[in-house]
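For reference, the chains in residue letters:
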2 protein chains.
Amino acid sequence: HAHQPNDVIRKIVLTIDTMNPTVKNVEYAVRGPIVQRAMQIEKELREGVKKPFTEVIKANIGDAHAMGQQPITFFRQVLALCSYPELLNENMFPEDAKNRARRILQACGGGSVGAYSASQGIDCVRQDVARYIERRDGGVPCDPDNVYLTTGASDGIVTMLKLLVCGEGASRTGVMISIPQYPLYSAALAELGAVQINYYLNEEKCWSMDLSELESSLAEARKHCNPKALCIINPGNPTGQVQSRQCIEDVIRFAAKERLFLMADEVYQDNVYAEGCQFHSFKKVLFELGPEYSDNVELASFHSTSKCYMGECGFRGGYMEVINMDAEVQAQLSKLVSVRLCPPVPGQALMDLVVNSPQPGEPSHITFMKERTATLSLLAEKAKLTEQILNTVPGITCNPVQGAMYSFPNISLPEKSIKEAKALGQAPDMFYCMKLLEETGICLVPGSGFGQKDGTYHFRMTILPPTDKLKILLAKVKEFHQKFTQQYS
Amino acid sequence: HAHQPNDVIRKIVLTIDTMNPTVKNVEYAVRGPIVQRAMQIEKELREGVKKPFTEVIKANIGDAHAMGQQPITFFRQVLALCSYPELLNENMFPEDAKNRARRILQACGGGSVGAYSASQGIDCVRQDVARYIERRDGGVPCDPDNVYLTTGASDGIVTMLKLLVCGEGASRTGVMISIPQYPLYSAALAELGAVQINYYLNEEKCWSMDLSELESSLAEARKHCNPKALCIINPGNPTGQVQSRQCIEDVIRFAAKERLFLMADEVYQDNVYAEGCQFHSFKKVLFELGPEYSDNVELASFHSTSKCYMGECGFRGGYMEVINMDAEVQAQLSKLVSVRLCPPVPGQALMDLVVNSPQPGEPSHITFMKERTATLSLLAEKAKLTEQILNTVPGITCNPVQGAMYSFPNISLPEKSIKEAKALGQAPDMFYCMKLLEETGICLVPGSGFGQKDGTYHFRMTILPPTDKLKILLAKVKEFHQKFTQQYS
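Just so it is clear, the structure is predicted and the values come from calculations on it, not from any experiment.

S.K.: Describe the overall build of chain A, naming the residues involved and giving the relevant values.
M.R.: Within chain A, the secondary structure is distributed over 18 helices and 14 strands. Computed over C-alpha atoms, the radius of gyration of chain A comes to 24 Å, within 12% of the 23 Å expected from 2.2 N^0.38 for 489 residues, which places it in the range of a compact globule. In terms of overall dimensions, chain A has C-alpha extents of about 65 × 65 × 55 Å along its principal axes. Burial statistics for chain A: of 489 residues in total, 64% are counted as buried. A sequence separation of at least 24 residues applies to 71% of the contacts in chain A between residues at least 6 apart.

S.K.: Now, about the interface of chain B and chain A: what can you tell me, with residues and values included?
M.R.: Taken together, the 92 residues of chain B in the interface contact 92 residues of chain A. Between the two partners, chain B and chain A, sit four salt bridges. E191(B) is paired through a salt bridge with K162(A); the nearest N and O atoms lie 2.7 Å apart. Across the contact surface, chain B and chain A share 42 residue pairs in polar contact (both at pLDDT 80 or more). Among the elements of the structure, α1 (6-10), α2 (21-24), α4 (73-83), α7 (152-164), α8 (184-192), α13 (327-338) and α14 (345-355) of chain B are those that each provide at least two residues to the side of chain B that touches chain A. The class makeup of the residues in the side of chain B that touches chain A is 47 nonpolar, 23 polar and 22 charged.

S.K.: Describe the sheet that holds strand β2 (residues 147-151) of chain A, with residues and values.
M.R.: Residues and elements named next belong to chain A. As summarised here, the arrangement of the seven strands in space is β2-β8-β7-β6-β5-β3-β4, forming an open sheet in which the pairing is mixed. If you trace the sheet from one side to the other, it starts and ends with β2 and β4 (195-200), each paired once. With strand direction ignored, the average angle separating the axes of adjacent strands in the sheet is 25 degrees. Note that strand β3 (residues 173-179) and β4 share six bridges and pair parallel. Bridging across to β4, V175 finds its partner in Q196. Contacting β3, β4 and β5 (226-233), helix α9 (residues 211-222) runs over the sheet at an angle of about 155 degrees to β4.

S.K.: Describe the UniProt feature "domain: Aminotransferase class I/classII large" (unreviewed entry) in chain A, with residues and values.
M.R.: On the UniProt side, "domain: Aminotransferase class I/classII large" (unreviewed entry) is annotated at positions that read residues 91-475 of chain A here. From the first C-alpha to the last, residues 91-475 of chain A spans 48 Å; its make-up is 43% helix and 15% strand.

S.K.: Break down the sheet that holds strand β13 (residues 445-446) of chain B for me, with residues and values.
M.R.: All names here are of chain B. Taken in spatial order, the three strands of this open sheet run β10-β14-β13, and their pairing is antiparallel. Whereas interior strands pair on both sides, the edge strands pair on one side only; in this sheet they are β10 (406-407) and β13. Both β10 and strand β14 (residues 459-462) contribute to a ladder of two bridges, which runs antiparallel. Directly across from S407, in β14, lies its bridge partner M461.

S.K.: Mind laying out the side chain of D265(A), listing which residues take part and the relevant values?
M.R.: Residue and element names in this part refer to chain A. Topologically, D265 is positioned in strand β6 (residues 261-265). Salt bridges are absent for the buried D265, whose nearest opposite-charge side chain, K307, sits at 9.4 Å. Setting aside chain neighbours within four positions, we find D265 in contact with I157, Y185, I232, I233, N234 and F302.

S.K.: Break down the relation of the copies chain B and chain A for me, with residues and values.
M.R.: Superposing chain B onto chain A requires a rotation of 180 degrees together with a translation of 0.0 Å along the rotation axis, leaving an RMSD of 0.0 Å. Here the transformation between the copies is reduced to the relation of a two-fold axis. Ranked by how close their C-alpha atoms come to the rotation axis, the residues of chain B are headed by A80(B), at 2.1 Å. Most of the interface of chain B is mirrored in chain A: 100% of its interface residues are interface residues there too.

S.K.: Explain the pairing of strand β8 (residues 317-323) of chain A to me, using residue names and the numbers behind them.
M.R.: All names here are of chain A. The buried count for β8 comes to seven of seven residues, which makes it a mostly enclosed element. Alternating residues of β8 divide into G317, Y319, E321 and I323 and G318, M320 and V322, and every residue in both groups is buried. As judged from the five bridges shared by β2 and β8, these two strands associate in the antiparallel manner. The residue bridging T151 from the neighbouring strand is G317, located in β8. Relative to β8, strand β7 (residues 299-304) runs antiparallel, the two sharing six bridges. The residue of β8 that forms the bridge with H303 is Y319.

S.K.: Kindly report on the nonpolar core, identifying the contributing residues and their values.
M.R.: Ranked by size, the top nonpolar core spans 271 residues in total, and within it M160(A) and M160(B) carry the most contacts. Ignoring any residue separated from it by four or fewer positions in sequence, one finds M160(B) in contact with L14(A), F261(B), M263(B), A300(B), F302(B), M320(B), V322(B) and M325(B).

S.K.: Describe in detail unusual backbone geometry, supporting the description with residues and values.
M.R.: Across the junction of N237(A) and P238(A), the peptide omega takes the value 10 degrees, indicating a cis bond. The topology assignment puts P238(A) in the loop between β5 and α10 (245-258). Going from N234(B) to P235(B), the amide bond is cis rather than trans, its omega being -15 degrees. Of note, P235(B) is situated in the loop between β5 (226-233) and α10 (245-258).

S.K.: Tell me about the side chain of Q332(B), residues and numbers included.
M.R.: The topology assignment puts Q332(B) in helix α13. Look at Q332(B) and you get buried, because its relative accessible area is 15%. Setting aside chain neighbours within four positions, we find Q332(B) in contact with I16(A), M19(A), V23(A) and K24(A).

S.K.: Just give me the short version of the pattern of salt bridges, but keep the residues and values in it.
M.R.: All names here are of chain A. Per the counting criterion, the structure on display carries 53 salt bridges over all chains. For the salt bridge of E44 with R37, the shortest nitrogen-to-oxygen distance reads 3.1 Å. Since its relative accessible area comes to 17%, R37 is described here as buried. One salt-bridge network, in which partners are shared between bridges, spans R245, E249, R253, K284 and E288.

S.K.: Describe the domain arrangement of chain A, naming the residues involved and giving the relevant values.
M.R.: Interface size is commonly expressed as the accessible surface area that is lost when the partners come together. Residues and elements named next belong to chain A. When the domains of chain A are assigned, the result is domain 1 (21-61 + 369-487) and domain 2 (102-355). Taking the mean C-alpha position of each, domain 1 and domain 2 sit 27 Å from one another. Across the boundary between the two partners, domain 1 contributes 32 residues, which contact 31 residues of domain 2. Interface area, domain 1 with domain 2, both sides summed: about 2,700 Å², of which 60% is carbon and sulfur.

S.K.: So what's going on with the environment of I179(A)? Which residues, and what values?
M.R.: With respect to the helices, strands and loops of the structure, I179(A) is situated in strand β3. Taking the C-alpha atoms as reference, I179(A) lies 45 Å from R102(A); in sequence the two are 77 residues apart.

What counts as what
- Numbering of residues begins from 1 in every chain and follows the order in which that chain's sequence is written.
- Starting at A for chains and at 1 for ligands, labels are handed out in the order in which the entities are written.
- Local features are withheld for residues below a pLDDT of 70 in this predicted model, meaning they are given only at 70 or higher, and side-chain atom pairs are given and counted only at 80 or more; totals for whole chains, interfaces and linings count all residues.
- Side-chain figures throughout are based on the complete set of non-hydrogen atoms in the structure, without hydrogens or water.
- Runs of H or I in DSSP of at least four residues are treated as helices and runs of E of at least two as strands, each being numbered from the N terminus.
- Between the two quantities, the radius of gyration covers C-alpha atoms and the globule rule is 2.2 Å times the number of residues to the power 0.38.
- Throughout this description, buried means an accessible area under 20% of the type-specific maximum (1.4 Å probe, protein chains only), exposed means over 50%, and partly exposed covers the range between.
- Whether two residues are in contact is decided by their heavy atoms, any of which lying within 4.5 Å being enough.
- Salt bridge, as used here: a side-chain nitrogen of Lys or Arg that lies within 4 Å of a carboxyl oxygen of Asp or Glu.
- Distance and chemistry together define a polar contact, namely a pair of N or O atoms within 3.5 Å, with one atom able to donate a hydrogen and the other to accept it when in protein, and with adjacent residues in sequence counting only for side-chain atoms on both sides.
- Any residue that is not Ala, Val, Leu, Ile, Met, Phe, Trp, Tyr, Cys, Pro, Asp, Glu, Lys or Arg is counted as polar, Gly included; the first ten are nonpolar and the last four charged.
- Only strands that DSSP links by at least two bridges are regarded as paired with each other.
- All axes here are fitted lines through C-alpha atoms, helices being fitted over the stretch that makes contact, and every angle between N-to-C directions spans 0 to 180 degrees.
- UniProt positions are given in the numbering used here, feature names are shortened, and annotations may be inferred rather than shown by experiment.
- When charges are counted, neither His nor the chain ends are considered; positive counts come from Lys and Arg and negative counts from Asp and Glu.
- Copy-to-copy superposition: least squares on the C-alpha atoms, limited to residues that have pLDDT of at least 70 in both copies.
- Only buried Ala, Val, Leu, Ile, Met, Phe, Trp, Tyr and Cys residues count toward a nonpolar core, and they belong to the same one when joined by side-chain atoms within 4.5 Å.
- An automatic or database domain assignment is the source of the domain bounds shown.
- Accessible area that two parts lose when put together, evaluated with a 1.4 Å probe and summed over both, is termed the buried area.

The structure is reproduced here in structure tokens:
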């Protein structure tokens, strides 16, 4: 009896064999085995286990505050006022913070952020988002009814994919995603049982999009599924490129010609560092191409409170704007989001502050601009630093970090290390990153977690650690890479 | 050209015909057409349109703060401190609020609620939840590793269903839900394409669960699907019953015998009003039944910050505890939740305060208890009032509101009104509620949105409006029902 497998004795309902197999196919490297091991090592360090390092440096996830970035004072003042409106009677807060808080509270049921909001999001927040988009896009109109507040950008992306994906066999919906990609996309597609259609970014041309690559990838996919959507991340995650206006135009023409629904993940829209680079929203370019495009191409674009200069990941704020969406489908979208009642209201409030930040003449404007500029300048500096130092390492080649928060360098791995990794059933760059973690305490994510051309290896590292720590990190990576190369040569 | 249907001209990708059909099957009455009409009417009133009433009273959703319930002072103080830690230097906050805030902030990356937490939730919050569950259940042990913080209870419920649902045709997963039910369940099952297995609650016996009903419903379902799980809402939504210990015991024995995974939605665990009624958690009863059950029966139980005495819906806080879950499945669960990064951190903080509220001797204890007791007493009073007044109306029969926040009375509808509704393609109780809304401004949800025995009609109304408004509401419902009955007789 005692020797029987446990599940037989326990007559369990839900086992690895009876559970939903699509969930088993889901992978999410950004919080995968390497991060779990990093957390274990942190625990071991706390318990006094001796290691060749004294702390784990996590450069695996775009989590700015965890890396010491300070929140924007104005945002947090308004959030405190919204949480505890008694503070509106105190004279310690600037008037513009109080005004924002009053405006948000007035729009909440019973004047409380503890009430559910409308499922699409608080009306006045959606109006502010619409005005922000209009300003950003040089006056291209935005209808607040097309704005949906979300629980981070991830929520919006998954919701859109849910609407799109259906069919079986050769008519199963296919969705084109860049490789390398942010693994939310592959995870969501796996869960929905959609066909993931890879198109490769051109590493030689600074991770730009290649029209011929899009065309051949689509043609190939059409043989076995029904491609319906094309996802773009700009500025790029994990690859850090900023797409040129020309490239965006090409992509839109391609989507129009091939009848693809565009999904533009634009959460890094303020994170542009390289000279000569500029953020162009897909929506703006779409409208500049004229009514043939702006009246026809369907587009959903996504933004979030988690990145840019604010880095407020924990609040799970975000929005999406849908353009040219069929009215009946949009009614279905509104119904679908109502099942989850509403996005977190504090995150909605924060999204409002991002799109309605202090204006010149308001008491908080100078401090706000100082904080915003300081954060973005520091990021630009760290982007440069990361590229420069990594490119001094023989065997590491790193494209400029034009935007976003990541570097995705190409690493040459010795044949012997590749063999050893494969013998262990590990991806070679996972083997590399795991060794790096064990020997230096640095936590990066292997390129295999994002996808890459066969036979190439990469890692993703954030540029978020404080400058002094980033320098240590880069020096350690350099030293490790040289040692590793030697050891396996 | 101008006369062609729009979609043909626009060559649109995503139409009602090409979209995911399972999304089309989703229904969610709590925010359905009647609520949309109510919002329209509110807008009309603001614009000066004359109506036979001056305001819309929304009793359609369990949204306490929107109905004027005040937040718990201590909770909001701590949330303000967490949002803007500068306030820790002010002497306007009690020490226990500051201590809670410091403890939460220390557990956050970089000391900021703007950092992502672990995907399962902040460690110390999960520990506090575990201790709360142990206290609640008279010492039955709880492992924090089995606690997952969630984005409201809905998120946990959908996540569990995602793990469970698979298979095709006759081996498609079936999930048993009570009728009447909370429509999150039917919506989630529709979206996942699972088989919804209805078991009817016994209205004659105060909406209790009938073992014979469970048995026959299961036997019938086994002919065409693979029943895997049994969902229970206790205290009941929309039906307001509190299940007896005996009933819970019967359900657990049934689940054990029939190998069903139990899902216990216990978000109203503090909302028990009727004399002689008491909340028994499924977990506690499971453990009292001894190891034959407590070592075998799989259970997930759900809680939330949205109901009880706090009513903090907007923060989207919640947790689930899984018991006897297979280790490999649990690893899959942990992976699945990591894709969405983490539940909103302010909601996690709030969940922490709920399970770790001020203790005797702490400076905030007396105020906290006063506020908590006042809210719960008021709810008990309104539960009684609602039942009493509704039962004075000829043609309305109302079970006692033993717990939760809703009354679900049976309404007799004249044949003529049923015919007229059917001619309009409406459910008869939808027709009734829509007329009630247009004539009185009262917004209720028809029973058909929750499910009910064929030929019976109901509505769900919350007991949340302030007492004076609730009295007006009940008087208006009474008057309307009499008029309606007369009009269609």
